[in-house]
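Survey of secondary and tertiary structure
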Amino acid sequence: MFNYIVIGAGFAGSVLAERIANVLNEKVLVIEKRNHIGGNCYDYRTKDGIIVHKYGPHLFHTNYKDVFDYLLNFTEWDIYHHYVLGFIDGKKVPIPFNLNTLYEVFPPSLAKKLEEKLLSKYKYGVKVPILELKKENDKDLKFLAEFVYEKVFKNYTAKQWNMRPEDIDPEVTARVPVYISKDNRYFTDKYQAVPRDGYTKIFENMLNHPNIKLMLNTDFKEVLKIDFENKKIYFLGQEFKGKLIFTGMIDELLDFKYGFLPYRSLNLKFEIYDKEYFQEAPVVNYPNNYDFTRITEFKHIHPIETRKTVILKEFPKTYSPGTDIPYYPVFTKENRELYNKYKEEVQQLENIILVGRLAEYKYYDMDDIVKRALEVFGEL
Ligand code: UDP
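Cut-offs applied
Residues numbered from 1 in each chain as written. Predicted model: local features only at pLDDT ≥ 70, side-chain atom pairs only at ≥ 80, totals over all residues. Heavy atoms only, no water. Near = heavy atom within 4 Å. Polar contact = N/O pair within 3.5 Å; in protein donor to acceptor, adjacent residues only side chain to side chain. Areas by Shrake-Rupley, 256 points an atom, 1.4 Å probe, with all protein chains shown as cover. Nonpolar A, V, L, I, M, F, W, Y, C, P; charged D, E, K, R; others polar. Helix = DSSP H or I, 4+ residues; strand = E, 2+ residues; numbered from the N terminus. Expected span 1.5 Å × (residues − 1). Buried < 20%, exposed > 50% of the residue type's maximum accessible area, 1.4 Å probe, protein only. Arc of directions from axis to C-beta. Contact = heavy atoms within 4.5 Å. Pairing = 2+ DSSP bridges. Axes fitted to C-alpha atoms, helices over the stretch in contact; angles between N-to-C directions. 1 Å grid on protein atoms, 1.4 Å probe; cavity = no way out; pocket = protein on both sides within 12 Å on 5 of 7 lines; lining within 4 Å. Points joined across faces, edges and corners; volume = space filled by probe spheres on them. Phe/Tyr/Trp six-rings, centres within 6.5 Å; stacked < 30°, edge-to-face > 60°. Lys NZ or Arg CZ within 6 Å of the ring centre and 35° of its normal.

1. As for the site of the ligand
Taken together, 15 residues surround the ligand, and among them Trp161, Arg175, Tyr186, Tyr328 and Tyr363 come closest. Within the side chain of Arg175, a nitrogen or oxygen atom sits 2.8 Å from an oxygen atom of the ligand. At 2.9 Å, a side-chain N or O of Asn285 approaches an oxygen atom of the ligand. Computed on the free molecule, the ligand has an accessible area of 530 Å², of which 94% lies beneath the protein chains in the complex. Residue classes in the shell around the ligand are distributed as nine nonpolar, four polar and two charged.

As structure tokens, this is what we get:
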């Protein structure tokens, strides 16, 4: 019946299903464990009409024109620039730490001196990862690097990853650089927008096609059997000779035979308040106070007129397989080796394609996943 089976209805799976259905005009079955589509991008409206991101804040930003053009096909988008404040020494200041932040946390004369030092060393507009800034020999820049490291990165990273910044992949902390600029935005990508009616609409429109059959509430193991020894896949007892696009956890595919791939998970605590706004920015980070890392207020992201507001506090935690949601892959060298071991074995079956944050064990942003899914489609 189907030439393609897709496991998982997040961005990776939905983009591929949509392309296969629309462009190849082939039938595709999408199997999704949860009772909804959209993966961790899933959002919904509360009874007050406030759009809430069920699995934490999702802010779309990209420099890939092809990705944004593609996504424009599935919903209306509103231009949206994201702002984050960090609660540092009792004040809420711009994050990423930038030239404006200097003047918020230091007396004017010191801020000016540090600004001049930074501008003599780096060109305006350059983004400097904190671990790079820490290598500076200049006494003032050393002082600044130490300050930012201690006040912005050290404790946040301890909460988020249970590690020191130097012990995680440098790309993780480089996502939030020290920005030699007076631009307070969190992202500087060319295209920054939010879907007017929420992210779920995108997935509804991608998957609403006569060639796509969707099975919700279905663990792939209920309907698929993968015989790695004989290199065969069975769907409901019958041999399946088409392509299997897998976007779930790769270790689950092989029954965790080499052990669990580690992730960081989150406890998400939503709170509703009877007031117009809770805080002055969409996201406030709390590197050094409380057990949560940040508070998101959704009305700032999806504006709506109501006297209520919904906020979200994120409490990072170790991932327990089977109970927690695997939000972030923890890519230490050791974990990558474990991932590669799984990957090599899975790749012995040529008709399995691995795509997405879980299947590839990568810290993909939304636009990276769409880009990757479109590339995989190109290869199909
Ligand atoms: N980070 C930090 N302090 C901050 C913001 C970020 O230490 O105020 C570090 C932390 O290690 C975090 C990483 O930078 O995990 C990436 O942050 P980002 O906001 O990109 O994380 P995401 O939104 O993907 O959870």
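Picking up where we left off.
2. Here we look at helix α11 (residues 333–346)
Between its terminal C-alpha atoms α11 stretches 20 Å, which fits the 20 Å expected from 14 residues at 1.5 Å a residue. By the burial criterion, the buried members of α11 are Asn335, Leu338, Tyr339, Tyr342, Glu345 and Val346. The buried side chains of α11 occupy one side of the element, clustering within an arc of 125° when seen end-on. Of the exposed residues in α11, those oriented more than 90 degrees away from the buried face are Lys333 and Glu344. Looking at the buried side of α11, the elements it contacts are α10 (250–253) and β22 (352–354).

3. Some remarks on the sheet that holds strand β1 (residues 4–7)
Across the sheet, which stays open at both edges, the five strands sit in the order β12-β2-β1-β16-β22 with parallel pairing between neighbours. Each edge of the sheet is formed by a strand with only one pairing partner; in this case those strands are β12 (212–215) and β22. Taking each pair of neighbouring strands and ignoring which way they run, the sheet shows an average axis angle of 20°. As paired strands, strand β2 (residues 28–31) and β12 are joined by four bridges and run parallel to one another. For Val28, the partnering residue across the bridge sits in β12 and is Ile212. The strands that helix α1 (residues 11–22) touches are β1, β2, β12 and β16 (243–246); relative to β2, the one it contacts most, it runs at about 165°.

4. Digging into the side chain of Asn351
Mapped onto the secondary structure, Asn351 falls in the loop between α11 and β22. If near-sequence neighbours (up to four positions away) are discounted, Asn351 is found in contact with Ile233, Phe240, Lys241, Gly242, Lys243 and Leu244.

5. Some details on the layout of surface pockets
The rolling of a water-molecule-sized probe over the atoms marks out the regions of remaining empty space. Roughly 340 Å³ of internal volume is contained in the second largest pocket. Forming the boundary of the second largest pocket are 16 residues, of which Lys343, Gln347, Leu354, Glu360 and Arg372 lie nearest the centre. Looking at the lining of the second largest pocket, the elements that each hand over two or more residues are α11, β22 and α12 (366–379). Here the lining of the second largest pocket is composed, by residue class, of seven nonpolar, two polar and seven charged.

6. A word on empty space enclosed by the protein
For the coordinates displayed, the defined rule picks out one cavity of 30 Å³ or more. Size it by volume and the largest cavity reaches roughly 40 Å³. Surrounding the largest cavity, Trp161, Met163, Ile168, Asp169, Val172, Pro329, Val330, Phe331 and Thr332 form its lining. Of the residues assigned to the lining of the largest cavity, the class counts are seven nonpolar, one polar and one charged.

7. Some remarks on the packing of aromatic side chains
Tallied over the entire structure, the rule returns 29 aromatic pairs. Among the aromatic residues, those joined into a ring-pair cluster are Phe87, Tyr286, Tyr290, Phe292 and Phe315. Lys121 extends its terminal NZ or CZ atom over the ring of Tyr122, reaching a point 5.6 Å from the ring centre. One Lys or Arg, Lys299, reaches over the ring of Tyr277 and ends 4.8 Å from the middle of that ring.

Function cannot be read off these values alone, since they describe shape.
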